[in-house]
Amino acid sequence: MSNTVIECILSRSAAKYYDPSATLSDEQIRDLVRIGTSAPTSFHLQNWRFIAVRTPEAKARLSPIAWNQPAVTEAAVTFIVCGQLADSSVIPDRLAPLVKAGIMPEKMVPEWEIPARDLYMAYPQRQRDEAVRTGTFGAAAMIYAARSLGLGSTPMIGFDAEAVHQQFGLGSDEVPIMLLAIGAERPGNWPQKPRRPVDDVLDFV
């Protein structure tokens, strides 16, 4: 089982060393986020936001609240990946483009909104869980897109979430899921580390 997509996935590894002189254009950053937002979301909520930290001033604000991890300052951009608490009230607006494009009949919109309301409205933990899932799906798509473009990436969970909220103006409904550094690599990064055998993690039933 092999093709270019699978080879890209199997060759990916978290980068430690970046070329600090390399940059990404606004269009390249937009393309990475566009690809990230093609990932699946529950009820088409698209409950995510991406903050591209790429100026020296912004990196200087992020670095000390991200444990001074070198990737924050050396990679071309570090995304603050934000998941938004699941809110069923946005579903009609999120589905409107599908209706306009003729993909979904308008009468089906309540058939999505009502069960989503029942699933999330009275359950704060489910709202947060969905925020984490959504942000993680988007970040994963960006990680593999970066690899396919010859760029390195580093997902990071080492940061002060409250300080990130304050420093970068996150909303009360937003959860900083992870930091994701992306940029041109320099020599010294490891290949993908060996993984546990499939038989250790797979059960057939």
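The preceding data block contains the structure.
Each value, and the rule that gives it
Residues numbered from 1 in each chain as written. Predicted model: local features only at pLDDT ≥ 70, side-chain atom pairs only at ≥ 80, totals over all residues. Heavy atoms only, no water. Helix = DSSP H or I, 4+ residues; strand = E, 2+ residues; numbered from the N terminus. Buried < 20%, exposed > 50% of the residue type's maximum accessible area, 1.4 Å probe, protein only. Contact = heavy atoms within 4.5 Å. Salt bridge = Lys/Arg side-chain N within 4 Å of Asp/Glu carboxyl O. Pairing = 2+ DSSP bridges. Axes fitted to C-alpha atoms, helices over the stretch in contact; angles between N-to-C directions. Core = buried A, V, L, I, M, F, W, Y, C linked by side-chain atoms within 4.5 Å.

Engineer: Would you take a moment to explain the overall build of the chain for this structure?
Structural biologist: Counting its secondary structure elements, the chain contains nine helices and four strands. For the chain, the succession of helices and strands along the chain, N to C, is α-α-β-α-α-β-α-α-α-β-α-β-α. Taken along its principal axes, the extent of the C-alpha atoms in the chain is 55 × 45 × 35 Å. Across the 205 residues of the chain, 39% fall into the buried class. Long-range contacts, defined as pairs at least 24 residues apart, comprise 80% of the intrachain contacts of the chain with a sequence gap of at least 6.

Engineer: Would you take a moment to explain unusual backbone geometry for this structure?
Structural biologist: Peptide bonds are, in most cases, trans, and in most cases residues other than glycine have a negative phi. Of note in this structure, Phe43 is not a glycine but carries a positive phi near 55 degrees. Relative to the helices and strands, Phe43 is located in the loop between helix H2 (26-36) and strand E1 (48-53). Backbone geometry at Trp67 places phi at a positive 60 degrees, although glycine is not the residue there. Secondary-structure assignment places Trp67 in the loop between helix H3 (56-62) and helix H4 (70-74).

Engineer: Got a minute to help me understand the pattern of salt bridges in this structure?
Structural biologist: Working definition: two side chains of opposite charge can pair if their charged atoms are close together. Applying the stated criterion across every chain yields a total of six salt bridges. Notably, a salt bridge pairs Arg61 with Glu57, separated by 2.8 Å at the nearest N-O pair. A residue pair is termed a helical-turn pair when its members lie 3 or 4 positions apart in one helix, as Arg61 and Glu57 do in helix H3 at four residues. Residue classification places Glu57 among the partly exposed residues on the basis of a relative accessible area of 48%.

Engineer: Looking at this structure, I do not really get the sheet that holds strand E2 (residues 77-84). What am I missing?
Structural biologist: Backbone-to-backbone hydrogen bonds join strands into a sheet, with any given pair of strands oriented parallel or antiparallel. Strand order in the open sheet made by the four strands is E1-E2-E4-E3, with antiparallel pairing throughout. Of all the strands in the sheet, the pair left with one neighbour each is E1 and strand E3 (152-156). Ignoring strand direction, the axes of neighbouring strands in this sheet form an average angle of 25 degrees. The sheet contact formed by E3 and strand E4 (residues 174-183) spans five bridges and is antiparallel. In the strand pairing of E4, Ser153 is matched with Ile182. Contacts from H2 reach E1, E2 and E4, with the element oriented near 30 degrees to E2. Most of the contacts of helix H8 (residues 161-168) go to E4, to which it runs at about 85 degrees, and overall it touches E1, E2 and E4.

Engineer: I'm lost on the nonpolar core in this one. Help?
Structural biologist: Side chains of a nonpolar character, in soluble globular proteins, are inclined to be buried together. The biggest cluster of nonpolar side chains holds 22 residues, and the ones touching the most others in it are Leu24, Leu32, Phe79, Val81, Leu180 and Ile182. Listing elements by their share of this core, those giving two or more residues are H2, E1, E2, helix H7 (124-148) and E4. In terms of residues, this core owes the most to one element, H7, which gives six residues. The residues contacting Leu180, other than those within four sequence positions of it, are Val77, Thr78, Phe79, Val81, Ala139, Met142, Ile143, Ser153, Thr154 and Pro155. Ile51, Val53, Val164 and Phe168 belong to the second-largest nonpolar core, a separate cluster that totals 21 residues.

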